[in-house]
Amino acid sequence: MKKSVLLFLLMLSTINGTAQEVLLANDSHVVVLFFPSPIRQAVTGAEHFTFSYNRDSGQHFGLLQANMGSESNLLVLTEDGRAYSYVLAYSKRLLETHRFIKMGESIGKETETKVFSVTPARDSIPIIQRTKRIDPEKEMMAKGAEYILGRKTGNLKTKRKNGLIIRLKELFYHGNKVYIELEIQNRSEIDFELDTLEIYQVNGKKNKRSSHQKLKLNPIFKYLFPEVVRKGQKQGFVYVLPKFTLGDSERLMVEFNEKNGNRSLVLNR
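So, how was this worked out
Residues numbered from 1 in each chain as written. Predicted model: local features only at pLDDT ≥ 70, side-chain atom pairs only at ≥ 80, totals over all residues. Heavy atoms only, no water. Helix = DSSP H or I, 4+ residues; strand = E, 2+ residues; numbered from the N terminus. Buried < 20%, exposed > 50% of the residue type's maximum accessible area, 1.4 Å probe, protein only. Contact = heavy atoms within 4.5 Å. Pairing = 2+ DSSP bridges. Axes fitted to C-alpha atoms, helices over the stretch in contact; angles between N-to-C directions. Phe/Tyr/Trp six-rings, centres within 6.5 Å; stacked < 30°, edge-to-face > 60°. Lys NZ or Arg CZ within 6 Å of the ring centre and 35° of its normal. Salt bridge = Lys/Arg side-chain N within 4 Å of Asp/Glu carboxyl O. Expected span 1.5 Å × (residues − 1). Arc of directions from axis to C-beta.

1. Things to note about the overall build of the protein chain
The secondary structure content of the protein chain amounts to two helices and 21 strands. For the protein chain, the residues scored as buried account for 42% of the 269 residues in total. For the protein chain, the proportion of contacts with a sequence separation of at least 24, taken over those separated by at least 6, is 62%.

Laid out in structure tokens, this is it:
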């Protein structure tokens, strides 16, 4: 229901007659858009444009990329109820790779307010505004993940299969946590919808399957985890896990599985 309402607003913003600013994007750069309030929901009008943002904990910025194609548009709803709408266009050359959005660029504000009622002791019915609390620890992990994705790093391990390229780019130890930077590149002809991603600490040599002992490592935070990677595009993201170390006979295993498909990849390091 929320998605259909958002799509309706997106279509409405294209025909309301107001001039919309054009945002340029391509497939070789990431355009970072910073909003005055954390992003709650966003949608693009065409699949060759993608706008990624953190759905787990509200963040003020999102990442815009594009493949070559016709113009489209972007609608963003923020936590303060404001809506922002822009025309999207592909361009090989970008004039800017980051943009701080001003509140005055909003096309309007949602009229519906989310409230819940408390049972009254008397005749009056008090209405309490629902507020969203930001978890300080999650905020700290998000900033750490943002820092890692902004660094230029090599590849610790790469796996290629069925037009998909999976890269393990970095293991970053900080305090009692491990930040794992991963990247999925889709060179196949169909979108890759990610179902599960499991990480294991494996004890034993690869050629001795009977001696394998797998310990599943459960993440405590995911940053920019992609639900789908469109054909021709790539997406970097970060998993945060409790601190672990690998012994001489141990290795890290990352297992990717496709939703509603049979593509799966296993990356060992």
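2. So, unusual backbone geometry
Positive phi outside glycine occurs at Asn162, with the angle close to 55 degrees. Mapped onto the elements of the fold, Asn162 is located in the loop between β12 (157-161) and β13 (164-174). By relative accessible area, which is 46% here, Asn162 ends up partly exposed.

3. Some details on the sheet that holds strand β4 (residues 49-52)
Each strand in a sheet pairs with another by means of backbone hydrogen bonds, the pair being arranged parallel or else antiparallel. Strand order across the open sheet formed by four strands is β4-β5-β2-β8, with mixed pairing between neighbours. Since the sheet does not close on itself, it has two edges, and those belong to β4 and β8 (98-100), each with one partner. When the angles between neighbouring strand axes are averaged without regard to direction, this sheet yields 20 degrees. For strand β2 (residues 31-34) and β8, the ladder comprises three bridges, and the chain directions are parallel. Note that in β8 the partner of Val32 across the bridge is His98.

4. Here we look at the packing of aromatic side chains
As enumerated under the stated definition, the model contains 11 aromatic pairs in all. Here the aromatic rings of Phe34 and Phe61 are separated by 5.8 Å at their centres, their planes lie at 45 degrees, and the arrangement is tilted. Residue Phe34 is located in strand β2, and its partner Phe61 is located in strand β5 (residues 61-66); the two are separated by 27 residues in the primary sequence. Classification of Phe61 as buried rests on a relative accessible area of 9%. Considering the side-chain rings of Phe237 and Tyr239, the 6.2 Å spacing of their centres and the 65 degrees angle between planes classify their relative orientation as edge-to-face. The pair Phe237 / Tyr239 is uniform in exposure class, with both members buried. Among the aromatic residues, those joined into a cluster by ring pairs are Phe34, Phe61, Phe100 and Tyr223. Over the face of the ring belonging to Tyr200 we find Lys214, whose NZ or CZ atom lies 4.2 Å from the ring centre. Sitting over the face of the ring of Phe225, Lys222 holds its NZ or CZ atom 5.2 Å from the ring centroid.

5. With respect to the pattern of salt bridges
Overall, the coordinates contain 10 salt bridges when judged by the stated rule. Ionic pairing is found between Arg230 and Glu47, a salt bridge with its closest N-O pair at 4.0 Å. Of this pair, Arg230 sits in the loop between β18 (228-229) and β19 (234-242) while Glu47 sits in the loop between β3 (39-44) and β4, and the two are 183 residues apart along the sequence. Take Glu47: its relative accessible area is 53%, and that puts it in the exposed class. Notably, a salt bridge pairs Arg99 with Glu96, separated by 4.0 Å at the nearest N-O pair. A relative accessible area of 11% means that Arg99 is categorised as buried. Residue Glu96 is classed as partly exposed on the basis of its relative accessible area, which comes to 38%. It is possible to trace a salt-bridge network through shared partners that takes in Glu21, Glu96, Arg99 and Glu105.

6. Regarding helix α2 (residues 136-149)
A turn of α-helix holds 3.6 residues, and therefore any two residues three or four places apart point the same way. Taking 1.5 Å per residue as the helical rise, α2 with its 14 residues ought to reach 20 Å, and the 20 Å between its terminal C-alpha atoms agrees with that figure. Residues Met141, Ala142, Gly144, Ala145 and Ile148 constitute the buried set of α2. In a view along the axis of α2, the buried residues occupy a sector of 160 degrees, so they form one face of it. Across from the buried face of α2, at angles greater than 90 degrees, the exposed residues are Pro136, Met140 and Lys143. At its buried positions, α2 is contacted by β13, β14 (177-186), β17 (221-223) and β19.

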